Amino acid sequence: MNQPLPREFYSRPTDQVARELLGKVLVHVTGDGITSGMVVEDEAYMGESDPGSHAARGITPRNSVMFGAPGVSYVYFTYGMHYCFNAVAKPGGRAGAVLLRALEPLEGEDLMRERRGRGDRLSLTNGPAKLAQALAIGRDQNGVDLTSGGLYFTEGSRGDFRVGTSCRVGLSRGRDLPLRFFIEGNPHVSRKNR
DNA sequence: GACCAGATTGTCT
DNA sequence: GACAATCTGGTCA
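Small disclaimer: the values here were computed from a predicted structure and weren't measured.

S.K.: Please clarify how the protein's contact with DNA strand B should be interpreted in this entry.
M.R.: Around DNA strand B, a shell composed of Thr 60, Pro 61, Arg 62, Phe 77, Tyr 79, Gly 80, Met 81 and Arg 139 is seen. Contact distances for DNA strand B include 2.3 Å between a phosphate oxygen and a side-chain N or O atom of Thr 60. Here a base oxygen of DNA strand B and a backbone polar atom of Tyr 79 are 2.8 Å apart. Split into classes, the residues belonging to the surface near DNA strand B amount to four nonpolar, two polar and two charged.

S.K.: Can you walk me through the protein's contact with DNA strand C in this structure?
M.R.: Taken together, 21 residues sit near DNA strand C, with His 54, Tyr 76, His 82, Asn 86 and Arg 116 positioned nearest. Taken together, the sugar and phosphate atoms account for 55% of what DNA strand C places within 4 Å of the protein. In the model, a phosphate oxygen of DNA strand C is placed 3.2 Å from a nitrogen or oxygen of the Lys 130 side chain. Tallied by class, residues from the surface near DNA strand C come to nine nonpolar, eight polar and four charged.

S.K.: Could you clarify how one ought to interpret helix α3 (residues 109-116) in this entry?
M.R.: Because an α-helix completes one turn every 3.6 residues, residues spaced three or four positions apart along the sequence face the same direction. Those residues of α3 that sit buried are Glu 109, Leu 111, Met 112, Arg 115 and Arg 116. Seen along its axis, α3 keeps its buried residues to an arc of 160 degrees; they face one direction. In α3, the exposed residues that point more than 90 degrees away from the buried face are Asp 110 and Glu 114. In the core, the buried residues of α3 are packed alongside β1 (25-30), β2 (33-45), β5 (97-107) and α4 (128-134). One or two steps after α3, the chain reaches Gly 117, where phi turns positive at roughly 80 degrees.

S.K.: What should I look at first to understand the pairing of strand β3 (residues 73-78) in this one?
M.R.: Consecutive side chains along a regular strand alternate between the two faces of the sheet. Pairing geometry for β3 and strand β4 (residues 82-88), over six bridges, is antiparallel. The residue bridging Tyr 76 from the neighbouring strand is Cys 84, located in β4. Linkage of β3 to β4, two consecutive antiparallel strands, is achieved through a turn of three residues, within which Tyr 79 is found at a positive phi near 55 degrees.

Analysis parameters
- Residues numbered from 1 in each chain as written.
- Chains lettered and ligands numbered in written order.
- Predicted model: local features only at pLDDT ≥ 70, side-chain atom pairs only at ≥ 80, totals over all residues.
- Heavy atoms only, no water.
- Near = heavy atom within 4 Å.
- Polar contact = N/O pair within 3.5 Å; in protein donor to acceptor, adjacent residues only side chain to side chain.
- Nonpolar A, V, L, I, M, F, W, Y, C, P; charged D, E, K, R; others polar.
- Buried < 20%, exposed > 50% of the residue type's maximum accessible area, 1.4 Å probe, protein only.
- Helix = DSSP H or I, 4+ residues; strand = E, 2+ residues; numbered from the N terminus.
- Arc of directions from axis to C-beta.
- Contact = heavy atoms within 4.5 Å.
- Pairing = 2+ DSSP bridges.

Now the structure itself:
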């Protein structure tokens, strides 16, 4: 069994952490069982200088964990019905987080399908709100430590992939920055381009 | 495949 | 009171 990635992994520039998180495995242990998946797509959200980030307009009660310690989970609720999961990652003194956009299911695929209520294997975790639902990540997971087990990232088994880069998805501002990273050719990536 | 509308509520101005 | 780091199901092709 692999250990959670150490806090030092998250204590680096946000875009670098986002790139290196690809191919790692996100694990969530709950009373219902274990669900896990390999990270195939994510996006970096920098601090106050990034117009697309929640942190762009300063600290608020909602985004305060982005300004806190790295290696902590940031879960936010949006569009009245969706949760999205981020890992706080940045050098000391800044704000920043990595949004997980897509996973490839590894363990607990049946449990994911049960939680989602619909969908084939490909559409189980190929979007930020989908993977949050499949892994049972919600309000209770906001602010939890990603280095102490329960909910954590661990080393993946495969290193043989190419990293693609593109603009971020779904933003009205800051959409021109190339801060989205994905594994090229992986069918679980949520979108092709643009 | 592309494009469009609706759902539904927390958060900030 | 407007809008949001989205998803789904519809239409049209």
